[in-house]
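# Reading the structure
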Amino acid sequence: MSNLEVGIVGLPNVGKSTLFNAITKAGAQAENFPFCTIEPNVGVVDVPDPRLSVLHEMYQSKKTTPASVRFVDIAGLVKGASKGEGLGNKFLEHIRQVDAIAHVVRCFEDSNITHVEGSVDPVRDIGIITTELCLADLEAVEKRREKLLRVVKSGNKEAKAEADILDKLRAALEEARPARSVTLSEEEQTLIRDMNLLTLKPVLYVANVAEEEAATAEQENPYVKAVRDYAAQEHAQVVAISARVESEIAELPPDEAKEFLETLGLSESGLDRLIKAAFTLLGLLTFLTAGPDECRAWTIVQGTTAPKAAGKIHSDIERGFIRAEIVNYDDLVAAGSTAAAREKGQVRLEGKDYVMQDGDVTYFRFNV
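This report concerns the structure included in the present document.

### Brief notes about the overall build of the protein chain
When helices and strands are counted, the protein chain shows 15 helices and twelve strands. A separation of at least 24 residues holds for 70% of the contacts in the protein chain among residues at least 6 apart in sequence. Working note: accessible area of the protein chain is about 18000 Å², and carbon and sulfur atoms make up 49% of it.

### Remarks on the pairing of strand β8 (residues 284-289)
Summarising burial for β8: six of the six residues are buried, a large majority. Residue alternation in β8 divides its side chains into two sets, Leu284, Thr286 and Leu288 and Leu285, Phe287 and Thr289, and both sets are buried. Where β8 and strand β9 (residues 294-301) come together, six bridges link them in antiparallel fashion. Counted as the bridge partner of Thr286 is Thr299 from β9. The turn linking β8 back onto β9 is made up of four residues.

### What about the packing of aromatic side chains?
A complete count under the given rule lists four aromatic pairs for this structure. On the numbers, 6.3 Å between centres and 15° between planes, the contact of Phe287 with Trp298 is stacked. With Phe287 in strand β8 and Trp298 in strand β9, the pair connects residues that are eleven residues apart, well separated along the chain. Assigned by exposure class, Phe287 and Trp298 land together as buried. In textbook terms, an aromatic cluster arises when at least three aromatic residues are bridged by ring pairs, as seen for Phe287, Trp298, Phe321 and Phe364. Just above the ring of Phe108 sits the side chain of Arg106; from NZ or CZ to the centre is 4.7 Å. For the cation-ring pair, Arg296 lies above Trp298, with the distance from its terminal atom to the ring centre recorded as 4.1 Å.

### A short note on helix α4 (residues 122-153)
End to end, α4 covers 46 Å across 32 residues, agreeing with the expected 46 Å (1.5 Å per residue, within 8%). Positive backbone phi, at 90°, marks Gly155, one or two positions downstream of α4.

### Things to note about the environment of Asp360
Its location among the elements puts Asp360 in strand β12 (residues 360-366). For Asp360, a relative accessible area of 3% puts it in the buried group. C-alpha of Asp360 to C-alpha of Phe287: the two residues are 73 residues apart in sequence and 5.0 Å apart in space. Only 2.8 Å separates the side chain of Asp360 from the side chain of Tyr354, close enough to count as a polar contact. Within the structure, Asp360 has its side chain in polar contact with the backbone nitrogen of Gln357 (distance 2.9 Å).

### As for unusual backbone geometry
One non-glycine residue, Ala176, adopts positive backbone phi at about 60°. Residue placement: Ala176 occurs in the loop between α5 (157-174) and α6 (186-192).

### Some remarks on the packing of α4 against helix α8 (residues 222-233)
Where α4 meets α8, the closest approach of the two axes is 9 Å, and the angle between their N-to-C directions is 45°. Relative to α8, the element α4 is oriented oblique. Listed contacts from α8 to Pro122, Val123, Ile126 and Thr130 of α4 are Tyr223, Ala226, Val227 and Tyr230. Each residue belonging to the contact of α4 with α8 can be placed in one class, and the counts come to seven nonpolar, one polar and no charged.

### Here's the deal with the nonpolar core
Counting 68 residues, the largest nonpolar core has Phe71 and Tyr205 as its most contacted members. Counting residues per element, this core draws most heavily on helix α11 (residues 270-281), at six residues. Ranked by size, the runner-up nonpolar core spans 17 residues in total, among them Cys134, Ala159, Leu169 and Met195.

### Observations regarding helix α2 (residues 50-59)
Of the positions making up α2, those classed as buried are Arg51, Leu52, Leu55 and Tyr59. Projected onto a plane normal to the axis of α2, the buried residues spread over an arc of 100° and lie on a single side. Exposed and facing more than 90 degrees away from the buried side of α2 are Pro50 and Glu57. Buried residues along α2 sit in contact with β3 (63-65), β8, β9, α14 (329-335) and α15 (338-343). Just past α2, the residue Gln60 takes up positive phi, approximately 50°.

### Observations concerning the side chain of Glu325
Tracing the sequence through the fold places Glu325 in strand β10 (residues 321-328). Side-chain polar atoms of Glu325 contact the side chain of Arg365, separated by 2.5 Å. If near-sequence neighbours (up to four positions away) are discounted, Glu325 is found in contact with Arg342, Val347, Arg348, Leu349, Val361, Thr362, Tyr363 and Arg365.

Cut-off values and rules
- Residues numbered from 1 in each chain as written.
- Predicted model: local features only at pLDDT ≥ 70, side-chain atom pairs only at ≥ 80, totals over all residues.
- Heavy atoms only, no water.
- Helix = DSSP H or I, 4+ residues; strand = E, 2+ residues; numbered from the N terminus.
- Contact = heavy atoms within 4.5 Å.
- Areas by Shrake-Rupley, 256 points an atom, 1.4 Å probe, with all protein chains shown as cover.
- Buried < 20%, exposed > 50% of the residue type's maximum accessible area, 1.4 Å probe, protein only.
- Pairing = 2+ DSSP bridges.
- Phe/Tyr/Trp six-rings, centres within 6.5 Å; stacked < 30°, edge-to-face > 60°.
- Lys NZ or Arg CZ within 6 Å of the ring centre and 35° of its normal.
- Expected span 1.5 Å × (residues − 1).
- Polar contact = N/O pair within 3.5 Å; in protein donor to acceptor, adjacent residues only side chain to side chain.
- Axes fitted to C-alpha atoms, helices over the stretch in contact; angles between N-to-C directions.
- Parallel < 35°, antiparallel > 145°, perpendicular 65-115°, else oblique.
- Nonpolar A, V, L, I, M, F, W, Y, C, P; charged D, E, K, R; others polar.
- Core = buried A, V, L, I, M, F, W, Y, C linked by side-chain atoms within 4.5 Å.
- Arc of directions from axis to C-beta.

In structure tokens, the structure reads:
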């Protein structure tokens, strides 16, 4: 995984592009009409990590490089997209490329902003998009199955195993249940991974609330509660955000943004919460490298071994991996320097089987 990539989806006029603009300050069009977002806009944002500035001070590094997330704003989806309505198929192809989906739903009333379905009902809106994604996946599953059945007739066991998986998926998708609701073994997942099914991708729901509800919506907004109840059935996370507030924060320098958040009763921006939720959703963590040239955060999947983590930096380091020198971030900061941490016996030498932990400050020894 290089950059984590999250696709922002939702019906037209739910606040998707407003949120995207805030996220990236990229100036995507956000006019009040469907289909103004035609090509997917991509914005890259830094993952907030206060540990980097501490390490930067400690090592007096020439530069600091945070981890980043790519957000892809994908054109508004409508009923019938899987059949080519609206910007249908083009939209669906863009989603196939992302790691996770942030599904924005409207949880505020505003008579000045039209809703394509005529009223505010976030659970209905989720249903419309889920159904379209299921229909697109169903088409892909049926095509693949037809091809396989010819091979199955010749007695090919692997083709038979794959056809059985596709039958399970087809049954769910026909009922508009996403593919991720079907329990599949790791082996079964591997057999269909290349299909890039839309409804296998992990989803988190972004409840877009009114500006005045930014701090209270989690507890008090009935629409947010309805989205939470829905999401709980599929063990999905919900982040309540005011896209309007995020737009205002995006215009402010950091110290003023912090003050503005405090006046609203918020400790961190919605974007920061969204990034954290995406990391949790995908089981990601961050390890750090630090020195006079650069302090940097690297994103890896939980369970990654030291050589694979080294490969994130350069394939040669993975190939010639000898061992990793690792000190826990908190221990390093408490000690005050690498040398002091080493004296205390807190710098460990780890081999090829070591599984990386969040906050490992790492130096890789290698020989190519």
